[in-house]
There are 2 protein chains.
Amino acid sequence: MNAEPDVPAYRAPTLTDVAKLAGVSVATASKAINGRDEVKAATRERVLKAAELLSFAPNALAQGLLRGRTGTVGLLTSDLEGRFSIPILMGAEDASGAGQVSVFLCDARGDAIREVYHVRALLSRRVDGLIVVGSRTDPRPPLAGTIPVPVVYVYAPSANPDDISITVDNVGGGRLAVEHLLACGRRNIAHITGESSYKAARDRADGAVAALADVGLSMLGGKPYYGSWHETWGRAAAHIVVEQHPEVDAVFCGSDQIARGVLETLRDLGRDVPGAISVIGFDNWEAVAAHSRPRLTSIDMNLERLGAAASQHLFAAIDGGVPPTSEQFPGRVVMRDSTAPNR
Amino acid sequence: MNAEPDVPAYRAPTLTDVAKLAGVSVATASKAINGRDEVKAATRERVLKAAELLSFAPNALAQGLLRGRTGTVGLLTSDLEGRFSIPILMGAEDASGAGQVSVFLCDARGDAIREVYHVRALLSRRVDGLIVVGSRTDPRPPLAGTIPVPVVYVYAPSANPDDISITVDNVGGGRLAVEHLLACGRRNIAHITGESSYKAARDRADGAVAALADVGLSMLGGKPYYGSWHETWGRAAAHIVVEQHPEVDAVFCGSDQIARGVLETLRDLGRDVPGAISVIGFDNWEAVAAHSRPRLTSIDMNLERLGAAASQHLFAAIDGGVPPTSEQFPGRVVMRDSTAPNR
């Protein structure tokens, strides 16, 4: 817009303006614009002419009100800065058909009060449904109060099993990672991961333990090395593992950042990756995995697919057919240069 | 929501439903709900009672239509996956007053046709204004077509100087970085940066050259080492710089990722950072800067402040007072462990 100093504040023409100009009631103007039969042809023409003169575009919003639908969805996230919300959001946006549905985005920043506030604002804007994206995989309390529209929880499931939750299969992801290392011929596999207070850390470890048990093995050291999600822990833990278990020939890391730290320590110690020790990460975070030395093999959680599924499930719930159910999505191995068969 | 299999599709009650139940016209129901004087007290009471029975909440959306305002803003971004949009978006959300204004988020993914489509969808939803966030600092063409609401461009300015653009002062940022290195007593300063096709790269280099010229110095090698924004280039370029200019005592990097690569090479070469060589990055990307060895000093672009300013300027334009103008924001030095005074 090229705003001129003397242009008054912009005000969109309303249905009332159109009705006034056409000399009809608001109800008649509304019926005419929405193509209902109850209006005479001449009246409709007069209303449409007035609408045109006022640049009263067919208004998705007003039409939605008349149909009892707004074509808008609220997306409530709790950590926009984290890396998990964005691919989910993009998947949801894609699935809902460009322009068919618009997404209101709110970030509660992990604050319950802010969340209540946002939900109220979204409902007052008559969203047709809500997608709630969590920042960790631990179950979260369902939205407070009575929510009169369908809700789908993504990444973090609702603690209420009757709710629709779309989540990552972290147990399966841990299993995938270890099965890949086993396929590379590795037998002495350590697991360095994040805080044990995170369900994601415990689930991935459970999957890893199960995959090892399937072939009669156990984790090096007998249990996971829990610590933090950061590189710093990866660096320190790699030192500990190599010292305690010099026979280590593979490390499964609970995040790409941990894996990056592990790679750095192994490099400092002169251990060859992937030859002597293969390393696999988790998250497939491009910025880390594609630029480490060597480039990092990792488990991708398919977050865009989660977002797309959330959107599809939400619309199924809004349309009121067969009620959608919760769903878990498996990850996949993205192979780069940090894992290889035994020499 | 706990959807039962036999619950019909959710349909919000409309003003028409309320009017029907109260036995009045839609126009009267509307006036009653919006507290206008033209309605008799008894009628108003009947309408409000009907609205209550139907759970027809005071509807921000419908009320907005009547006032010619919707209280919604469209935020059009072109790279949600990039790291720049999110802090801008958060700043804009904060500034607009929680719940007062809702933000429609659309990601055009750098595609002009998709952008036209999104803009049309947003306008049909009667947004009060648009915030357009670019992914690089090069000027972008203004939105196509006639946009009947105010528009504010953020990060990437509009190519039309009459538009309102809120941008980062990259020349100033380059100057800040070099002035910090000079303050540490460094004199032999190299500049390793991204692709020269990016205005951000050229602007930061210009600022660096100017700051050096102020004290009678020039860049080591006579000009910037342009390459790519990635670590890989940082690693390679650091080798080149150390070989060509063994006297190097500081490196200003055009991004934190480049800086990270530089730190790794200097470590491989046994050069002490920050003692022998001080390194400063650009972006203050926490995930990189806070976990590198040593932790990285960097220039922060204050993106949240940009977002907040965009939002404030947009509302000023919507309110139609003194027309807001374009604005540039300076960055700031965030000191960590990779820069220090000469020993």
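You'll find the structure just up there.
None of the values given here were measured: they were computed from a predicted structure. (Residues numbered from 1 in each chain as written. Chains lettered and ligands numbered in written order. Predicted model: local features only at pLDDT ≥ 70, side-chain atom pairs only at ≥ 80, totals over all residues. Heavy atoms only, no water.)

(A) Looking closely at the sheet that holds strand β9 (residues 278-282) of chain B. Residue and element names in this part refer to chain B. In space, the 6 strands of this open sheet follow the order β7-β6-β8-β9-β10-β12, with mixed pairing throughout. In the strand order of this sheet, the two ends are held by β7 (225-226) and β12 (332-334), each with one partner. Two strands pair when backbone bridges link them, and strand β10 (residues 297-300) and β12 are joined in this way by 3 bridges, in the antiparallel orientation. Residue pairing in the sheet places Ser298 in a bridge with Val334 of β12. With respect to the sheet, helix α7 (residues 170-183) is in contact with β6 (189-193), β8 (250-253), β9, β10 and β12, its orientation differing from that of β9 by roughly 165°. (Pairing = 2+ DSSP bridges. Helix = DSSP H or I, 4+ residues; strand = E, 2+ residues; numbered from the N terminus. Contact = heavy atoms within 4.5 Å. Axes fitted to C-alpha atoms, helices over the stretch in contact; angles between N-to-C directions.)

(B) Broad picture of the pattern of salt bridges. Residues and elements named next belong to chain A. Throughout the structure, instances matching the rule amount to 34 salt bridges over all chains. Close ionic contact of Glu286 with Arg336 constitutes a salt bridge, the shortest N to O distance being 3.6 Å. Of this pair, Glu286 sits in helix α11 (residues 286-289) while Arg336 sits in the segment after β12 (332-334); the two residues are 50 residues apart in sequence, bridging distant segments of the chain. Its relative accessible area of 48% is what places Glu286 among the partly exposed residues. Overall, Arg336 belongs to the buried group, its relative accessible area being 11%. (Salt bridge = Lys/Arg side-chain N within 4 Å of Asp/Glu carboxyl O. Buried < 20%, exposed > 50% of the residue type's maximum accessible area, 1.4 Å probe, protein only.)

(C) Geometry of the pairing of strand β5 (residues 164-168) of chain B. All names here are of chain B. With 5 of 5 residues buried, β5 is to be regarded as a mostly interior element. Residues of β5 alternate between two faces, with Ile164, Ile166 and Val168 on one and Ser165 and Thr167 on the opposite face, all of them buried. Across 3 bridges, strand β4 (residues 151-154) lies against β5 in parallel orientation. What sits directly across from Tyr153, in β5, is Ser165. For β5 and strand β11 (residues 327-329), the ladder comprises 3 bridges, and the chain directions are parallel. The residue bridging Ile166 from the neighbouring strand is Glu327, located in β11.

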